[in-house]
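Now for the letters of each chain:
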Amino acid sequence: MVAAAFAYYNYKFSEYKFIDFSEWTFYQEKALFVPKSDDYIVVFYSSKFPGTVEKLTASKAKYPIIAIDYYQKAPPSNPNIIFLRAGTNTSLKFIQRFNIYHSPTVFTIKKNKDMLYKQDSMIRELDTIEALSHDI
């Protein structure tokens, strides 16, 4: 039973993906995004739903939020939330790497070394941005 539990844990841990911000180019307003925090909440969302940006901006979370819009609109960032844009190739790689099939989607990432971050939670699909918990 211990071996089965260990194998399952290793399998689940290997499902988590890495993102290297030195290889993938994301833009924060007019500059390249360089991560400064050790932990982030990543939210992939659609700005076509009314009030989404306002709700994201008003949310208070344990870690800074990286918000990536499917439509690549990036309003000005603030200390709690960083809105990012990317080129089509980077956006497609991001969607494929994290197997994103729904919007909004949320997960956490944790710094591994330098600009390499590892997914630190399961990818959760939210019904609405209101479901973004303060406990994340």
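Just above sits the structure.
Remember, it's a predicted structure, so these values are computed and weren't measured experimentally.

*Asks:* Before we go on, may I ask you to explain empty space enclosed by the protein in this structure?
*Replies:* Any space left empty among the atoms is revealed by the rolling of a water-sized probe across them. Per the stated rule, a full pass over the model turns up one cavity of 30 Å³ or more. Residue lining of the largest cavity: I19, F21, V42, I66, I68, F94, F98, F107 and I109, and that is the complete set. When contributions to the lining of the largest cavity are tallied by element, the ones reaching two or more residues are β5 (65-69) and β7 (105-113). Of the residues contributing to the lining of the largest cavity, the split by class is nine nonpolar, no polar and no charged.

*Asks:* What am I meant to see in the layout of surface pockets here?
*Replies:* Estimated volume of the largest pocket: approximately 210 Å³. Around the largest pocket, the lining comprises 10 residues; the ones closest to its centre are E15, Y16, Q119, M122 and I123. Here the residues of the lining of the largest pocket are counted per class, giving four nonpolar, two polar and four charged.

Scoring rules and cut-offs
- Residues numbered from 1 in each chain as written.
- Predicted model: local features only at pLDDT ≥ 70, side-chain atom pairs only at ≥ 80, totals over all residues.
- Heavy atoms only, no water.
- 1 Å grid on protein atoms, 1.4 Å probe; cavity = no way out; pocket = protein on both sides within 12 Å on 5 of 7 lines; lining within 4 Å.
- Points joined across faces, edges and corners; volume = space filled by probe spheres on them.
- Helix = DSSP H or I, 4+ residues; strand = E, 2+ residues; numbered from the N terminus.
- Nonpolar A, V, L, I, M, F, W, Y, C, P; charged D, E, K, R; others polar.

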